[in-house]
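What the coordinates show
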Amino acid sequence: MKTRRPILLAAAATAAVATSTWLYNRARQRASLPVSRYVDLKRYSGLWYEIARLPTRFEKGCQHVTAHYHLRSDGKVDVVNTCHQDGVNGPVESVKGVARVVDPETNAKLKVSFFWPFEGDYWILDLDPLDYRYALVGEPGRKNLWLLSRTPQLPRPTRDHLVGIARSLGFPVENLIFTAQPLITNP
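No experiment lies behind these values; they were computed from the predicted model shown.

**Examining empty space enclosed by the protein**
Applying the stated rule across the entire model yields one cavity of 30 Å³ or more. Reported here for the largest cavity is a volume of approximately 50 Å³. In terms of lining residues, the largest cavity is bounded by Leu-41, Tyr-44, Tyr-69, Val-77, Val-79, Ala-99, Leu-110, Val-112 and Tyr-122. Of the residues belonging to the lining of the largest cavity, the class tally is nine nonpolar, no polar and no charged.

Pasting the structure below:
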C-alpha cells in the first residue's frame, strides 16, 4: 500500500500541473488585447497586401492576397478581399464586405461582415504611426491574425517585429503562413 502512495501523489501532482497550465493558457487567451491608440480610417483606406496570416478555411490555397478598404460617408468601411487561388498568378477570387467601428474612441476595433448577418472581429493591434505602411490585425480569440503591408514585401526587421508583438499577445505565431506575393522590381 505504501508503494502505491508515491505513484498516486505523482499522478495527482501531474494532473494539478496540467490543469494549472491549461487554465493559465485559457486565461491568457482571454486576456485583454490592446489595440492601436487611434486609427485614422481615411488614412487606413486603400490597398493592403497580406504578408502573413494564421490558417483560416476561407483563405485555403490563397496567394497574392490583398485587401482594399474604402471609407464611406456613413463612417462604415467597404472591404474587398482578393485571393489568387493556388499561385501568385492563379485564378482570382474576391469577396466584398462592410466593416463598422465598434470602438469610436480608437477606431481600432471593427466588426466585419461578408455574409449578413454574420460578423467577425477585426482589431488593429499595431499600426505604423507615421505612414500607415504596415498593420497587425487580429481578434480577441487569437485564432485570426494578419500582417499587412502597403507593399507586396515587408522588410524582414519590420516583419519580425510584428511577429514578436503577436507572440507576446498570445497568438500561435508558429502557425503563420507567409503569403506569396508578386515580386516588384525597380525599373
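**Here's the deal with the layout of surface pockets**
Any empty space left between the atoms is revealed when a probe the size of a water molecule rolls over them. Estimates place the volume of the largest pocket at around 850 Å³. What lines the largest pocket is a set of 30 residues, among which Phe-58, Asn-81, Val-95, Phe-114 and Trp-146 lie closest to the centre. Contributions of two or more residues to the lining of the largest pocket are made by β2 (62–71), β3 (77–85), β4 (92–101), β5 (109–115), β6 (118–127) and β8 (145–149). Looking at the lining of the largest pocket residue by residue, the classes come out as 15 nonpolar, eight polar and seven charged.

**Looking at unusual backbone geometry**
Following Trp-116, the chain continues to Pro-117 via a peptide bond in cis, the omega torsion being 10°. Among the structural elements, Pro-117 can be located in the loop between β5 and β6. A positive phi is found at Asn-107, a non-glycine position, where the angle reads about 60°. With respect to the secondary-structure elements, Asn-107 resides in the loop between β4 and β5. By relative accessible area, Asn-107 is classed as buried at 12%. Unlike most non-glycine residues, Tyr-132 shows phi in positive territory, near 55°. Structurally, Tyr-132 is set in the loop between β6 and β7 (134–138).

**Some details on the confidence of the model for the chain**
Of the residues in the chain, 82% reach a pLDDT of 70 or more, and the chain-wide mean stands at 87. Below a pLDDT of 50 lies the segment residues 6–24, which in the model reaches zero contacts outside its immediate sequence neighbourhood of four places, other chains included.

**Examining the nonpolar core**
One broad trend across soluble globular proteins is that nonpolar side chains are buried collectively. Core analysis: the largest hydrophobic core is formed by 20 residues, its most contacted members being Tyr-44, Tyr-69, Tyr-122, Ile-124 and Leu-148. Within the residue set of this core, elements represented by two or more residues are α2 (41–44), β2, β3, β5, β6, β7 and β8. For this core, the element with the highest residue contribution is β6, accounting for three residues. Leaving out residues up to four positions away in the same chain, Ile-124 has contacts with Val-35, Ser-36, Val-39, Tyr-44, Asn-107, Ala-108, Leu-110, Leu-136 and Val-137. In this structure, Leu-33, Leu-54, Trp-123 and Ile-165 belong to the second largest nonpolar core, which totals 19 residues.

**Some points on the pattern of salt bridges**
Here the structure, examined in full by the defined rule, presents nine salt bridges. When the shortest N-O distance is used, the salt bridge between Asp-121 and Lys-111 registers 2.9 Å. You can see Asp-121 sitting in strand β6 and its partner Lys-111 sitting in strand β5, a full ten residues away along the chain. With its nearest N and O atoms 3.1 Å apart, the salt bridge here joins Asp-160 to Arg-156. Taken together, the residues Asp-160 and Arg-156, both in helix α3 (residues 156–168) and four residues apart, mark about one turn of the helix. Note on Arg-156: relative accessible area 52%, which makes it exposed. What emerges from the salt-bridge pattern is a single network uniting Glu-50, Arg-53 and Glu-59.

**Observations concerning the environment of Val-102**
The topology assignment puts Val-102 in the loop between β4 and β5. On a C-alpha basis, the gap between Val-102 and Asp-121 in space is 9.4 Å, while along the polypeptide they are 19 residues apart. Those residues in contact with Val-102, other than ones at most four positions away along the chain, are Lys-109, Leu-110 and Lys-111.

**As for the state of the cysteines**
Summed over all chains, the structure comprises one disulfide. Disulfide pairing is shown between Cys-62 and Cys-83; the S-S distance is 2.1 Å. Torsion about the S-S bond of the Cys-62 and Cys-83 cystine: about -100°, corresponding to left-handed handedness. Of this pair, Cys-62 sits in strand β2 while Cys-83 sits in strand β3, and the two are 21 residues apart along the sequence. With relative accessibility at 7%, the residue Cys-62 sits in the buried group. Looking at Cys-83, the relative accessible area reads 6%, which means it is buried.

The rules behind each value
- Residues numbered from 1 in each chain as written.
- Predicted model: local features only at pLDDT ≥ 70, side-chain atom pairs only at ≥ 80, totals over all residues.
- Heavy atoms only, no water.
- 1 Å grid on protein atoms, 1.4 Å probe; cavity = no way out; pocket = protein on both sides within 12 Å on 5 of 7 lines; lining within 4 Å.
- Points joined across faces, edges and corners; volume = space filled by probe spheres on them.
- Nonpolar A, V, L, I, M, F, W, Y, C, P; charged D, E, K, R; others polar.
- Helix = DSSP H or I, 4+ residues; strand = E, 2+ residues; numbered from the N terminus.
- Buried < 20%, exposed > 50% of the residue type's maximum accessible area, 1.4 Å probe, protein only.
- pLDDT = per-residue confidence, 0-100.
- Contact = heavy atoms within 4.5 Å.
- Core = buried A, V, L, I, M, F, W, Y, C linked by side-chain atoms within 4.5 Å.
- Salt bridge = Lys/Arg side-chain N within 4 Å of Asp/Glu carboxyl O.
- Disulfide = S-S within 2.5 Å.

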